[in-house]
Protein chains: 4
Amino acid sequence: MKKVLITGFDPFGGQAVNPSWEAVRLLPDEIGNWQLIKRQLPTVFHKAAAKVLEEAAAQNPDAILCVGQAGGRKGITPEVVAINLREAGIPDNEGQQPVNVPVVEGGPAAYFSTLPVREMVKAMEAEGIPCGLSYSAGAFVCNEVLYTVLNRFEGTATRAGFVHVPFLPQQAGEKLPSLPLEDIVRGLTAAIRVL
Amino acid sequence: MKKVLITGFDPFGGQAVNPSWEAVRLLPDEIGNWQLIKRQLPTVFHKAAAKVLEEAAAQNPDAILCVGQAGGRKGITPEVVAINLREAGIPDNEGQQPVNVPVVEGGPAAYFSTLPVREMVKAMEAEGIPCGLSYSAGAFVCNEVLYTVLNRFEGTATRAGFVHVPFLPQQAGEKLPSLPLEDIVRGLTAAIRVL
Amino acid sequence: MKKVLITGFDPFGGQAVNPSWEAVRLLPDEIGNWQLIKRQLPTVFHKAAAKVLEEAAAQNPDAILCVGQAGGRKGITPEVVAINLREAGIPDNEGQQPVNVPVVEGGPAAYFSTLPVREMVKAMEAEGIPCGLSYSAGAFVCNEVLYTVLNRFEGTATRAGFVHVPFLPQQAGEKLPSLPLEDIVRGLTAAIRVL
Amino acid sequence: MKKVLITGFDPFGGQAVNPSWEAVRLLPDEIGNWQLIKRQLPTVFHKAAAKVLEEAAAQNPDAILCVGQAGGRKGITPEVVAINLREAGIPDNEGQQPVNVPVVEGGPAAYFSTLPVREMVKAMEAEGIPCGLSYSAGAFVCNEVLYTVLNRFEGTATRAGFVHVPFLPQQAGEKLPSLPLEDIVRGLTAAIRVL
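Residues numbered from 1 in each chain as written. Chains lettered and ligands numbered in written order. Predicted model: local features only at pLDDT ≥ 70, side-chain atom pairs only at ≥ 80, totals over all residues. Heavy atoms only, no water.

Peer 1: Give me the lowdown on helix 2 (residues 47–59) of chain C, citing residues and values where you can.
Peer 2: Side chains of residues three or four places apart in an α-helix project in the same direction, reflecting 3.6 residues per turn. All names here are of chain C. Helix length check: helix 2 (13 residues) gives 18 Å between terminal C-alpha atoms against 18 Å at 1.5 Å per residue, within 8%. Turning to helix 2, its buried residues are A48, A49, V52, E55, A56 and Q59. Buried positions in helix 2, seen along its axis, are confined to an arc of 130° and lie on one side of it. Exposed and oriented more than 90 degrees from the buried face of helix 2 are E54, A57 and A58. Taken together, the buried residues of helix 2 touch strand 1 (2–9), strand 3 (34–41), strand 4 (63–69) and helix 4 (141–153). (Helix = DSSP H or I, 4+ residues; strand = E, 2+ residues; numbered from the N terminus. Expected span 1.5 Å × (residues − 1). Buried < 20%, exposed > 50% of the residue type's maximum accessible area, 1.4 Å probe, protein only. Arc of directions from axis to C-beta. Contact = heavy atoms within 4.5 Å.)

Structure representation (structure tokens):
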């Protein structure tokens, strides 16, 4: 049995919940061949990335799948790429709001995800879940986590990636799209099965 | 046991499916105290409304709930009101595209739905389904059906209403929101339970 | 020369500006054959409607055009109809938040606008402005104002209507559409010209 | 006086116009210190990028600013980064629809734009134009052009970047946002002034 370290974030931006953690905690402990190690990350620059690396060192997983909230998106979106940029439209949970700062000084401009993102999308489509590839994880804490993990595990057997999920209905108000929690759980389950 | 006549539409506007009928046909034959009589309507001015009236005459239902597709909406939306207007941005399935024509010559400007629309929204919210009241059923075939039915059953014990549902994921493309079919079925089930 | 009473609202819902008043105040005092009488309304149930009626009594205008903000809309939308319903998703500027209350007890379910809404849309389209008919003015203060005015002037020569305008760019954040103030002014100007 | 090579694309995806070229051709020949050299590119993989490089070789510009259509966006968006990926949701104008192919075999995962994208956004905001940074130019022809140009001029004095613009009102239908052509012209003008 293989091991996947899967993470969700705590709430940020004035929200009461974060659908990424709500969904991750509802996942079963095993999906197909995969044993799930679930952890919550703080929505804080540096700390979130540090915690993933620490847990990865402790658990030695075969794969790392970080999940985050992307309010306003219409479906579940595996991220294709992480860029070497920290830039925040809102403060993180400790008030940090960097502008135009690299994640890793002197690092490459980007890393591509090493998870099978296109297969993950196909698996979710087959379940009737709104989903699609995303070519941008933004430049907030989510992107920093993905960049950091891909940077750390470059050239190793440990594969890593990120999936953004939409708001839950109670977060979305009348102007933004959302997805029921059950669908997010169902989508992540389908995606993990094909890791 | 009470009887509800529930309808969905056939596909229109170049779509291969209509989520309203896809969901209606998947509903069970009984929900709570309600026996469901399911019918498909053509997306055609005059004919859809005529068919509902005909089925209603044959079945003598306690309630009539028509369901239609509203591509671009983010959730399931019980309609509060129908207006006395036919006006089409696209042709119906027989090529009719009226502009600024009343549904019923000399009829009142509008009728309010006689279903408990606010309770229906609360019941769907309790299931975690994206939903909300809508104050406009548009001016296409859906609105005509609702206006016609409310006009016909005004002052009787037969209650009537309309619910719009979003696109399915396979219809939406990457730019529009959608909802999995399971959620539409689940939402309609919750709404029917409180009729 | 004919006289149009044109109104905009004060800011509400935590916004610093209301594009309806920002645009109305920038309009010239004359457009084509029309002399403009500009007034600001409070975003308060009862008071806004009372103020329009009062100004209309004082000014005896040929037409009344109320303008309001509809955050999240993509273009300028003349309203086709007002419904006999007060229902608020957020409190007005004095904390009122009615649910399912008629504007006029025993009044008709709706009134159609008596302004040439389709010509107004065509005039704005000819200017390249994003616009379209709207079949719902909602159930907040805007709809109450329109319903009240149409109710008051039913059967008279005074025509009345309502136009909703989108957020300004500084209000919209990154998730909602908006329109530059210049375009709103340009659109209203074109619409007034064809009243 | 400095020289900027500025490009727009021809229509694609069934559209009758491309707002990028419509706007570029309306720009004046000089803006501030900048002389504009305007060219239209075909929406075709390889050919668009080849034409920019060819024109750049002929003109030896100080800056290259490519403009493209991003239907569904709400404002004008300077692109922060180009990624080494060709992936098309729809065919280009010669029927090519690559999936998961690099722009440059063995090239770096991404390049950051060398234009002052944050100043460009500030300049457009000051004009009241809906705008914002974008962290993804997609993976269609637009991204390929930007990646190719940044790859070619890496380490040289020639700066390069890309700006995506929304649909025009006549393209958008009722479900998608758009921006009047005048605003796109005004926004690009403000952005070029601060190159």
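There's plenty left to go through after this.
Peer 1: So what about the interface of chain C and chain A? Which residues, and what values?
Peer 2: Size of an interface: often given as the accessible area lost when the parts come together. If you look at the interface, chain C gives 4 residues, while chain A gives 4 residues. Roughly 310 Å² is buried in total at the junction of chain C and chain A, and carbon and sulfur atoms are behind 73% of that figure. Of all residues in chain C, the largest losses of buried area upon contact with chain A belong to G71, K175 and L176 of chain C, amounting jointly to 93% of the total for that side. The interface formed by chain C and chain A includes 0 salt bridges. Our count for the chain C to chain A interface comes out at 0 residue pairs in polar contact (both at pLDDT 80 or more). By residue class, the composition of the side of chain C that touches chain A is 1 nonpolar, 2 polar and 1 charged. (Buried area = accessible area lost by both parts, 1.4 Å probe. Salt bridge = Lys/Arg side-chain N within 4 Å of Asp/Glu carboxyl O. Polar contact = N/O pair within 3.5 Å; in protein donor to acceptor, adjacent residues only side chain to side chain. Nonpolar A, V, L, I, M, F, W, Y, C, P; charged D, E, K, R; others polar.)

Peer 1: I'd like a description of the packing of helix 2 (residues 47–59) of chain A against helix 4 (residues 141–153) of chain A, backed by residues and values.
Peer 2: Residue and element names in this part refer to chain A. Here helix 2 crosses helix 4 at 35°, and the two axes come no closer than 8 Å. Judged by the twist between their axes, the crossing of helix 2 over helix 4 is right-handed. Across the interface between the two elements, A48, A49, V52, L53 and A56 of helix 2 pack against V141, E144, V145, T148, V149, R152 and F153 of helix 4. Taken together, the residues of the contact of helix 2 with helix 4 break down into 9 nonpolar, 1 polar and 2 charged. (Axes fitted to C-alpha atoms, helices over the stretch in contact; angles between N-to-C directions. Left-handed = near helix turned anticlockwise from the far one by under 90°.)

Peer 1: Before we move on, can you summarise the side chain of T77 of chain A with the specific residues and values?
Peer 2: As for its placement among the helices and strands, T77 of chain A is situated in strand 5 (residues 77–78). Contacts of T77 of chain A, omitting those with residues within four sequence positions, involve G132, S134, F162, V163 and H164 of chain A.

Peer 1: Go over the interface of chain D and chain A with me, naming the residues and quoting the values.
Peer 2: Each partner contributes to the interface: chain D provides 18 residues, whereas chain A provides 18 residues. Buried surface at the junction of chain D and chain A, both sides included, amounts to about 1300 Å², of which 67% is carbon and sulfur. For the chain D face of the interface with chain A, the top three residues by lost area are F112, R118 and Y135 of chain D, together amounting to 41%. For E87 of chain A, the salt bridge goes to R118 of chain D, with nearest N and O atoms at 2.4 Å. Our enumeration of links across chain D and chain A arrives at 6 residue pairs in polar contact (both at pLDDT 80 or more). Mapped by element, the contributors of at least two residues to the side of chain D that touches chain A are strand 6 (81–83) and strand 7 (110–112) of chain D. Across the side of chain D that touches chain A, the residue classes break down as 12 nonpolar, 4 polar and 2 charged.

Peer 1: So what about the relation of the copies chain D and chain A? Which residues, and what values?
Peer 2: In the superposition of chain D on chain A (RMSD 0.0 Å, axial shift 0.0 Å), the rotation amounts to 180°. Taken together, the rotation angle and the small translation identify this as a two-fold axis. Taken as a fraction of all interface residues of chain D, those also at the interface in chain A reach 100%, which identifies the copy contact as same-surface. (Least-squares fit on C-alpha atoms with pLDDT ≥ 70 in both.)

Peer 1: Lay out the relation of the copies chain C and chain A in plain terms, naming residues and giving numbers.
Peer 2: With an RMSD of 0.0 Å, chain C superimposes on chain A once it is rotated by 180° and translated 0.0 Å along the axis. Taken as a fraction of all interface residues of chain C, those also at the interface in chain A reach 100%, which identifies the copy contact as same-surface.

Peer 1: Go over the confidence of the model for chain A, please, and point to the residues and values.
Peer 2: When the pLDDT values of chain A are averaged, the result is 98; 100% of them are 70 or greater. The complex prediction reports pTM at 0.96, with the ipTM value standing at 0.96. (pLDDT = per-residue confidence, 0-100.)

Peer 1: Can you break down the sheet that holds strand 4 (residues 63–69) of chain A residue by residue, with the values?
Peer 2: Residue and element names in this part refer to chain A. Overall, mixed pairing links the 6 strands, which are arranged 2-3-1-4-8-5 in an open sheet. Each of the sheet's edge strands pairs with one partner strand only, and the pair in question is strand 2 (30–31) and strand 5. Direction of pairing for strand 1 (residues 2–9) relative to strand 4: parallel, over a ladder of 4 bridges. The residue bridging L5 from the neighbouring strand is I64, located in strand 4. Along the sheet face, helix 2 touches strand 1, strand 3 (34–41) and strand 4 and points at about 150° away from the line of strand 3. Helix-sheet contacts for helix 4 involve strand 1, strand 3, strand 4 and strand 8 (159–165), and the interaxial angle to strand 8 is about 170°. (Pairing = 2+ DSSP bridges.)

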